[in-house]
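Examining the three-dimensional arrangement
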Amino acid sequence: MSSDPKEIAERPLHRLHRPPAPPAPAALASKVRTLAPSMTRSMQRVADALVADPAGAAGLTVTGLAGRTGTSEATVVRTARALGYPGYRQLRLALAALAADQAAGRAPAVTADIAVDDPLPSVVAKLAHDEAQCLADTAAGLDTTALEAAVAALAGARRVDVYGIGASHLVGQDLVQKLLRIGVIAHAPTDPHLAVTNAVQLRSGDVAIAITHSGRTTDVIEPLRVAFEHGATTVAVTGNPGGGIGQYTDHVLATSTARESELRPAAMSSRTSQLLVVDCLFIGVAQRTYERAAPALSASYEALAHRHDPRPDPR
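For the structure given in this document, a descriptive report is provided here.

The rules we used
- Residues numbered from 1 in each chain as written.
- Predicted model: local features only at pLDDT ≥ 70, side-chain atom pairs only at ≥ 80, totals over all residues.
- Heavy atoms only, no water.
- Helix = DSSP H or I, 4+ residues; strand = E, 2+ residues; numbered from the N terminus.
- Buried < 20%, exposed > 50% of the residue type's maximum accessible area, 1.4 Å probe, protein only.
- Contact = heavy atoms within 4.5 Å.
- Areas by Shrake-Rupley, 256 points an atom, 1.4 Å probe, with all protein chains shown as cover.
- Salt bridge = Lys/Arg side-chain N within 4 Å of Asp/Glu carboxyl O.
- Pairing = 2+ DSSP bridges.

Points about the overall build of the protein chain
- Along the protein chain, the regular secondary structure elements total 14 helices and five strands.
- Burial statistics for the protein chain: of 315 residues in total, 44% are counted as buried.
- Contacts spanning at least 24 positions in sequence make up 73% of the contacts within the protein chain whose residues lie at least 6 apart.
- Entry remark: accessible area of the protein chain is about 15,600 Å², with carbon and sulfur atoms responsible for 58%.

Pasting the structure below:
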């Protein structure tokens, strides 16, 4: 691949990625929870009204909802677009579907946040509920067309780089370990500077994956930008596709998040949905490359077999 700076600078102009599909109705409440902190106060009022009374909001025109929330029509439209819908009409359809699910008892009950004095059985129940709902929301909102494209790119990749910071880096390491066991050469640099210098070596036929809940983490965006400009296929696993990460991404895999609280920060609540997407990528690649993946998995099991105590359990 040419290293001409002018050619590299112009390449992103020819790499227009398809926008992610609007979130499914079941994922709407989760989408509001995820994006509300980054919204303006007026947009938050609109978003809160949507989740509090989806049936009522679905019956309102854009003018009516603006009046109910004390905002403007432009704010309502901006909120719809921020939530992933082309316009307010598509949002109303999603609200109507969500309201129907609630009326039929298919929408989940909302549990309270974890309190500092909750007994452990209550903590277990609340965490299990929230994480199950987080997985369901992510599955409902996942763009399977983008997922298929990402799997296809990974299955044929010469090399894969995965970028993430903090808890997202741990998720990236999980993906790298899985890919290595089926014969896919993958790396998850721990140092942000090393991530950028690694990205410089990528080219067409390679894949770079960025994992960032906020979609705005500079130490993740920077190596992805470099990989994008050098011709690698880029994938973002993010809870905020509209963040800065989106402009350097070919395929967006949106994640959901459970409710955040003092005892449940974003890094904890986002991890569950990120791991689901990572597992989907791995299984998809293993399916596409089964003839080489199956022997590679068997070989890795055999290589580690002697490290497990072969003696029977004395109990």
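So, next bit.
A closer look at the pattern of salt bridges
- Inspection of the entire model under this criterion finds eight salt bridges.
- The partner of R159 in a salt bridge is D161, with the nearest N and O atoms 3.2 Å apart. Of the two residues, R159 and D161, both sit in the buried class.
- A single network of salt bridges, built from pairs that share partners, joins D174, K178 and D279.

Quick notes on the pairing of strand β5 (residues 251–254)
- Judged by which residues are buried, β5 turns out to be covered on both faces: H251 and L253 on one side and V252 and A254 on the other are all buried.
- When strand β4 (residues 233–238) meets β5, the two strands line up parallel, connected through four bridges. Its bridge partner lying in β5, V237 is registered against L253.

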